[in-house]
Amino acid sequence: MRVLVVGGSGHIGTFLVPRLVRAGHDVTSMSRGTRKAYSDSPEWQQVTQVVVDREQQDIDGTFGATVLAQHPDVVIDLLSFTIESTTALVETIRGQVGHLVHCGSLWRYGPSIKLPISEGEGTPAIDEYGTQKEMIAQYLKRETASGGLVTTSVHPGHIVGPGWHPTGVLGNTNPETWADISAGRTLRIPGSGAESMHHVHADDVAQVFELAATHRDAAAGEDFHAVAAHALNVRGYATIAAGWFGQQATLESITWDEFRSITTPEFAEDSWGHLQRNHVLSIEKSRTLLGYAPAWEPEDAILESVSWLIDQGELSVENPLIGKL
């Protein structure tokens, strides 16, 4: 197949594009051209690179034509964030492309009331980003059900992998938290410590996209979660992470007001966004219809990311990793 990956140099594309090449597909990666993939792979030598300013072309109304100029059988869109952008693309490629696979988000759901969450059964989104992702997922379902373009949406959890900071124990990316964990200092955590986050290795997300693209009939009109087989709550995450440095986790629960007083507004908002949602997503549908088999447990994916950051001098800790992969 001729597969076009929009946003191929990002977190997911770093692993997805080589996967598609290894599977024998003719792959084009479309991006702004401002950065390379997070890790090199020889498969990239077989990939056609197209530089496009998606945001500007959406404004100009020319992005769909740019997509069609690549003559794809499948379009994997990792970079659509509004219903208007997705609608414009669908209306342009309908009848000329065989399958559109869209990247959604677990933030299509608001705070949890029943766990795990099956596709489409969470509470309504609580921010504009999540609202747009849910609107897109529902629009794509209607599009396929009405006999239009065959579509699929894939909804990743908190993506981790080498090259970027993972969402940490406190639900944010504050690097000082890792220094505290490595030193065995007490972590002051907002809430009870029972709040969950659902991480996933970027290569497992790529696996779901690849499966959706190669199993079009099973994926047609569906939405799928792309997360690890298990989720971590704050207390478990802290306990596991401390063990990587030969430490024991000591946690002190504090109120959200107290937490906001000891960190920046940005980190506090990030923590609130992750922990109040308390997400644990089901992958039963992804397993049953696509054969998804996540290779990474969340803690192993996070450890790989932390180890890479330390090795590259991008994360300072006070004791060495003893649980290094």
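Below is a summary of the structure that appears in this document. (Residues numbered from 1 in each chain as written. Predicted model: local features only at pLDDT ≥ 70, side-chain atom pairs only at ≥ 80, totals over all residues. Heavy atoms only, no water.)

Observations concerning the pattern of salt bridges
Any two side chains of opposite charge can pair, so long as their charged atoms come close to each other. Put simply, the test is: A pair is scored as a salt bridge if a Lys or Arg side-chain nitrogen falls within 4 Å of a carboxyl oxygen belonging to Asp or Glu. Segments assigned H or I by DSSP are reported as helices when at least four residues long, segments assigned E as strands when at least two residues long, and all are numbered from the N terminus.
Under the defined criterion, the tally for this structure stands at 17 salt bridges. Between R185 and E318 there is a salt bridge, with its nearest N and O atoms 2.7 Å apart. With R185 in the loop between α6 (176–183) and β8 (187–190) and E318 in the segment after α13 (298–311), this pair connects stretches of sequence that are 133 residues apart. A network of salt bridges, in which partner residues are shared, links R108, E134, K141, E222, D223 and K285.

Let's talk about the pairing of strand β5 (residues 99–103)
This is how the line gets drawn: Any residue under 20% of the maximum accessible area for its type is buried, any over 50% is exposed, and the rest in between are partly exposed; the area is computed with a 1.4 Å probe on protein chains only. Orienting the strands away from the viewer, one traces the path from the first strand over the helix to the second; a clockwise path indicates a right-handed crossover. Whether two strands pair depends on DSSP finding at least two bridges between them.
The buried fraction of β5 amounts to five of the five residues, a majority that puts the element mostly inside the structure. Side-chain alternation along β5 places H99, V101 and C103 on one buried face and L100 and H102 on a second face that is also buried. A crossover connection joins strand β4 (residues 74–77) to the parallel β5 through helix α4 (residues 83–93); in handedness this β-α-β unit is right-handed. Bridge count for β5 against strand β6 (residues 151–156) is four bridges, and the pairing is parallel. Bridge pairing in β6 links V101 to T152.

Observations regarding empty space enclosed by the protein
Note the following rule: Using protein atoms alone on a 1 Å grid, points that fit a 1.4 Å probe yet trap it form a cavity, whereas open point sets bounded by protein on both sides within 12 Å along at least five of seven lines form a pocket; residues with an atom within 4 Å of a point count as lining. Grid points are joined across faces, edges and corners, and a volume is the space filled by probe spheres set on the points. Note on residue categories: nonpolar means Ala, Val, Leu, Ile, Met, Phe, Trp, Tyr, Cys or Pro, charged means Asp, Glu, Lys or Arg, and polar means any other residue, Gly included.
Per the stated rule, a full pass over the model turns up four cavities of 30 Å³ or more. Put simply, the largest cavity is a space of about 50 Å³. Lining the largest cavity are I181, G184, R185, L187, A238, A242, Q247, Q248, A249, T250 and L251. Tallied by class, residues from the lining of the largest cavity come to six nonpolar, four polar and one charged.

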